[in-house]
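# Architecture at a glance
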Amino acid sequence: MSTLLDAKLLSRFSLQDMLSFLGYKTQEWMQVNARPGWNVFVSTESLSSKELEIALPAFEDVHTTPVYLASALDLLSSVYEEEPEIIAQRIEKYDSDVLYVRNLNTEQSESLPLEIASRQVYELRNLVRHSTNQEIRKLPYDLMAHSTEAERIVHHYRFGHTFRGSFGFLIESPLMHKEEVAFQRGFDRAIKENAPLSRRVMERLARGLSFARDSVRSNSPAPMVQNYIEGFNANMCSSILNLSLGGQIPLEYRILWSPVLQTVPDVADEPPIIIDDLAIGYIRQAEEQLRNAVENLTIEARGLVKELGSTDDPLGSKAERTVVIRWLNNPYSRRTSTLAMTLGAEAYVLADEAHMSWDVVLVEGQLKRTSKGWVLENPRNFRVENEQWHTRDELT
């Protein structure tokens, strides 16, 4: 059936949207010279061995424009082998990356219990936040789990309309305002190195989902665990688990990439990915392994001794000797923070001396975040840094 009969579908995008969409897909459509009042695009060999043509008027006309848009939509749907609804979405949101999350096997396709919808929207926010932090920090498990950059991206992303069929959510990541898009038409598209953080966050989501699919195919969480630097870390795994309510609701994920920016090849043509109870099992295993990787990871902390305390004679065998340093190389924050630890008698004396002379100290151990702040467990190799010079900011 021609989309000409679907007025609601055609109303979702304008003639200018269609022109911009085709104008940015320069590898597949080339605009050729045409008589005044018309825009003509022909397909390139990379799209079709047979030359295809789309003719569109230069100006809107309430009577004739829908006919040309419907014809173009039908052709694009056939060429790309996608439903007209998806093609219309690509055209309407040509200046945004769009993430679809569709609930499968729900009792009603047009609605969802409010409690479930509320939890999923909240977890989508967390997923974007964790993806942003992972793009910046690249840790197997992020103990901090928040940052200024993540909050900025969360505010940048938009919650779109749900779509027809099984109930689902739509998250948009605008790449630029449409006025800016129109102004920049004809300029070279950005390459990966210049891609904005919002695009890289979405690419990370796509890779993580593909690694989850690979885990199902290989019957192992290894593809996710081994590729956490490019895909999901433990925090992102947790959000994916929570979105599915621990596996109660299978979800389908699909990402539509804006043609405004060149898409990196490894995620450019990914089909929809379904996260069902089988995938959830491997995601749960990956989350546990990635968490354990951090808990067993030894770090070297650098700082200035800020506080010392002992429950008894510091040199006695019964004393619990606590030292707090101003942590200068916290990988989870750009601001200095405190790090507490319990030391042996010899290291405690060294810490006291470093405190008196304001020497920078180094110590190794396993990092843990508690309700009271950062704690270094099993501290060892406590020593004064060889380089005695430090900045004014570190001393104040």
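Going by the structure above, here's the rest.
Structure report, in brief. This structure is a prediction, so every number in the text was calculated from the model and none was measured. (Residues numbered from 1 in each chain as written. Predicted model: local features only at pLDDT ≥ 70, side-chain atom pairs only at ≥ 80, totals over all residues. Heavy atoms only, no water.)

## Notes on the overall build of the protein
Inclusion rule: We count a stretch as a helix when DSSP gives it H or I for four or more residues in a row; a strand needs E for two or more, and each element gets its number in order from the N terminus. The rule is simple: take the accessible area with a 1.4 Å probe, protein chains only, and divide by the maximum for that residue type; under 20% is buried, over 50% is exposed, in between is partly exposed. Contacts are assigned to residue pairs that have any heavy atoms within 4.5 Å of one another. A 1.4 Å probe and the Shrake-Rupley method give the accessible areas. Residues count as covered only by the protein chains that appear here.
Each helix and strand counted, the protein has 14 helices and 13 strands in total. Here the protein holds 396 residues, and the buried ones make up 49% of them. A separation of at least 24 residues holds for 65% of the contacts in the protein among residues at least 6 apart in sequence. About 20,700 Å² of surface is accessible on the protein, with carbon and sulfur atoms providing 49% of the total.

## Quick word on the nonpolar core
Counted only if it meets this: Think of a nonpolar core as a cluster: buried Ala, Val, Leu, Ile, Met, Phe, Trp, Tyr and Cys residues, connected wherever their side-chain atoms sit within 4.5 Å.
Residues Tyr 253, Ile 275, Leu 339, Met 341 and Phe 382 are the most contacted members of the largest nonpolar core, which totals 71 residues. In terms of residue count, helix 8 (residues 197–218) provides more of this core than any other element does, eight residues in total. Once residues within four sequence positions are removed from consideration, Phe 382 is found in contact with Val 305, Met 341, Leu 343, Ala 347, Leu 350, Ala 351, Val 361, Leu 362 and Val 363. By size, the runner-up hydrophobic cluster in this structure holds 27 residues, among which are Phe 21, Ala 70, Leu 73 and Ile 87.

## Examining helix 2 (residues 15–24)
Each α-helix winds once per 3.6 residues, and so residues spaced three or four apart point in a common direction. Buried residues dominate helix 2, accounting for eight of its 10 residues. Taken residue by residue, helix 2 has Leu 15, Asp 17, Met 18, Leu 19, Ser 20, Phe 21, Leu 22 and Tyr 24 as its buried positions.

## A few points about the pairing of strand 4 (residues 96–103)
Heads up, the rule is: We treat two strands as partners when DSSP finds at least two bridges between them.
Counting buried residues in strand 4 gives seven out of eight residues, a clear majority hidden from the surface. The sheet contact formed by strand 4 and strand 6 (residues 168–174) spans seven bridges and is antiparallel. By the bridge assignment, Leu 99 is partnered in strand 6 with Ile 171. For strand 4 and strand 7 (residues 251–256), the ladder comprises six bridges, and the chain directions are antiparallel. Bridge pairing links Tyr 100 to Arg 254 in strand 7.

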